[in-house]
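What follows is the residue order along each chain.
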Amino acid sequence: MKHAKLGDLVVGRIGLGAMGMSHGYTGAGSDDAESIRTLHRALELGVTLIDTAEVYGPYTNEELVGRALKGRRDDVVLATKFGLISHTGRDVPDGSPAGIRTAVEGSLRRLGTDHIDLYYQHRVDPKTPIEDTVGAVAELVAEGKVRHIGLSEAGVNTIRRAHAVHPITAVQSEYSLWTRDPEDGVLALLRELGIGFVPYSPLGRGFLTGTIRSLEQLDAGDFRATNPRFTGENFHHNLALADEVKGIAADIGATPAQVALAWLLTKGDNIAPIPGTKRVARVEENVAADGVDLTTEQVATLEGLAPASGEHHNEQQMRMLDR
C-alpha cells in the first residue's frame, strides 16, 4: 500500500475505523470474532492506522481492539480519542486536564499498551481553552504515554491555537463526496502547517457504496435511521448522488466504495481515510481502492456532483462541531 504522511507520522494511506464493530451500526448485536478477523486481515493487507475511541461502546471497542492487537502492537499506529465522556462530572464534551488524565489511563489499560500513537480530542470543549487541553496532552507526550496529538472536528482558529502550544499531527473530521465541509479553510490550513488529515465516514456512512436503497435495510438500533440524510426527501435526493458514483464505478470496473475512496486519495499525500467495517470482505474491497486511478475527467465529474441534502449529523451532534 502507498503511504500518507500525517505530520511526521507515516501510515498506510487507507486505515480502518473500528467504531462500527461495537457501536452505532451494531443493531442486532456485534460479532467480535468476525471483527477480530477483519482487523487481522487489514494488517495483512498493509493497513497500519487503526482508529477507536473510549466513547465507542462506551469502552468496549477499545477492549476489542486491544484483544485483536495482542502480540501485534508494533505493527500498527494506534489511534484513540478522549473527551466525549466526562471523567470529572462535567457536561460533555470534557477536555479538562483532570479528565484527560483519567481518560488516558483507562484507554491504555483497555488497549493493553503502554502508549497511544495518536491521541485525539474527540470534540472541542468550549468550556476549556484549547491551550489547556493540548498542554495536558503534551505532558503525556513528555511522559511517553502518548506519541502524537490530534484533534477531531476542529475549526481553523482552534487548530492554529492548538498547534502553537504543541505540534498537531492530524485532524480527523468527516469528509467525503457528500460532506465537503473541510474544504472551507481547514484543508488549506493543514497543508500550510504540515498537519495530516484523517477523513472519517469517507463512504457517507455506507450511503456512497450504493447498496442502501431503503431504510428498511437498516437494523433496529442503527443510528442512521434518524440521521437527517437518511430520512424523508433527503434520502431520495441523496440516492441520485450515490447513483452518480455508481455509474463511474461501472465505467472503470471498480466498486462505488473504491471510487469514493480513490477520490479522497487524490486530495494529497497528507490524507488517510479510515473507512469503517466489521467484515473481512469489506476491508479487502476498501483497501483495493489504493490501486484505483481516476482520470482527470472522472475527478472533475465527482467534484461537480450536487451536494448531499440534509445535515450530516443530528442537531445535538452538529452543535458539537467547532467551526
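Residues numbered from 1 in each chain as written. Predicted model: local features only at pLDDT ≥ 70, side-chain atom pairs only at ≥ 80, totals over all residues. Heavy atoms only, no water.

As recorded by an unreviewed UniProt entry, the protein chain carries the name Aldo/keto reductase and is attributed to Actinokineospora globicatena.

Some words on the overall build of the protein chain
From N to C terminus, the protein chain includes 11 helices and 9 strands. For 323 residues, the compact-globule estimate of 2.2 N^0.38 gives 20 Å, and the C-alpha radius of gyration of the protein chain, at 19 Å, lies within 12% of that figure. Its C-alpha atoms give the protein chain principal-axis dimensions of about 50 × 40 × 35 Å. Considering only intrachain contacts with a sequence separation of at least 6, the fraction spanning at least 24 residues in the protein chain is 75%. Counting every atom, the protein chain has about 13000 Å² of accessible surface; 50% of that belongs to carbon and sulfur. Distance between charge centres in the protein chain, computed from 33 positive and 44 negative side chains, equals 2 Å. (Helix = DSSP H or I, 4+ residues; strand = E, 2+ residues; numbered from the N terminus. Rg over C-alpha atoms; globule rule 2.2 N^0.38 Å. Contact = heavy atoms within 4.5 Å. Areas by Shrake-Rupley, 256 points an atom, 1.4 Å probe, with all protein chains shown as cover. Lys, Arg positive; Asp, Glu negative; His and termini not counted. Charge placed at Lys NZ, Arg CZ, Asp CG, Glu CD.)

Focus on the nonpolar core
Counting 62 residues, the largest nonpolar core has Tyr119, Ile159 and Leu302 as its most contacted members. Per-element tally for this core: the top contributor is helix H8 (residues 256-265), with 8 residues. If we skip the residues at most four places from it in the chain, Leu302 touches Leu177, Arg180, Val245, Ile248, Val259, Trp263 and Leu294. (Core = buried A, V, L, I, M, F, W, Y, C linked by side-chain atoms within 4.5 Å. Buried < 20%, exposed > 50% of the residue type's maximum accessible area, 1.4 Å probe, protein only.)

Quick notes on the sheet that holds strand E9 (residues 196-200)
Across the sheet, 7 strands lie side by side as E3-E4-E5-E6-E7-E8-E9; this open sheet has parallel pairing. Edge positions in the open sheet fall to strand E3 (16-17) and E9, since each of these has one partner strand only. The pairing of strand E7 (residues 146-152) with strand E8 (residues 170-174) spans 3 bridges and is classified as parallel. When the sheet's bridge partners are listed, Gly150 is paired in E8 with Ala170. (Pairing = 2+ DSSP bridges.)

Examining the pairing of strand E1 (residues 3-6)
On E1, burial follows the alternation: Ala4 and Leu6 on one face are buried, whereas His3 and Lys5 on the facing-out side are not. As paired strands, E1 and strand E2 (residues 9-12) are joined by 4 bridges and run antiparallel to one another. Residue Leu6 lies in a different strand from E2, and its bridge partner there is Leu9. What sits between the antiparallel neighbours E1 and E2 is a turn of 2 residues, in which Gly7 has the positive phi angle 60°.

Notes on the packing of aromatic side chains
Under the criterion given, the structure shown has 7 aromatic pairs. Both rings, one in Trp178 and one in Phe230, keep their centres 5.9 Å apart while their planes meet at 85°; by these two values the pair is edge-to-face. Residue Trp178 is found in the loop between E8 and helix H6 (186-193), and its partner Phe230 is found in the loop between E9 and helix H7 (232-252); the two are separated by 52 residues along the sequence. Take Trp178 and Phe230: they sit in the same class, and that class is buried. The structure contains a cluster of three or more aromatic residues connected by ring pairs, namely Trp178, Phe207, Phe230 and Phe235. Arg229 extends its terminal NZ or CZ atom over the ring of Trp178, reaching a point 5.0 Å from the ring centre. (Phe/Tyr/Trp six-rings, centres within 6.5 Å; stacked < 30°, edge-to-face > 60°. Lys NZ or Arg CZ within 6 Å of the ring centre and 35° of its normal.)

Here's the deal with the packing of helix H2 (residues 60-68) against helix H3 (residues 97-111)
Axis separation between H2 and H3 bottoms out at 7 Å; the angle between their running directions is 40°. Classified by the interaxial angle, the pair formed by H2 and H3 is oblique. Seen from H2, the contacting residues are Glu62, Glu63, Val65 and Gly66; seen from H3, they are Ser107, Arg110 and Leu111. Per-class residue counts for the contact of H2 with H3 are 2 nonpolar, 2 polar and 3 charged. (Axes fitted to C-alpha atoms, helices over the stretch in contact; angles between N-to-C directions. Parallel < 35°, antiparallel > 145°, perpendicular 65-115°, else oblique. Nonpolar A, V, L, I, M, F, W, Y, C, P; charged D, E, K, R; others polar.)

Considering the pattern of salt bridges
Under the defined criterion, the tally for this structure stands at 27 salt bridges. Here Arg41 ties to Glu44 by a salt bridge, and the two come within 3.0 Å at their closest N and O atoms. Taken as a pair, Arg41 and Glu44 lie in helix H1 (residues 32-44) at a separation of 3 residues, close to a single helical turn. The exposure class of Glu44 is exposed, given its relative accessible area of 56%. A salt bridge links Glu131 to Arg161, with the nearest nitrogen and oxygen atoms 2.8 Å apart. Of this pair, Glu131 sits in helix H4 (residues 130-143) while Arg161 is found in helix H5 (residues 156-165), placing the two residues 30 residues apart along the sequence. By relative accessible area, which is 31% here, Glu131 ends up partly exposed. The class for Arg161 is partly exposed, based on a relative accessible area of 39%. Salt bridges here are not isolated pairs; linked through shared partners, they connect Arg101, Glu105, Glu139, Glu143 and Lys145. (Salt bridge = Lys/Arg side-chain N within 4 Å of Asp/Glu carboxyl O.)

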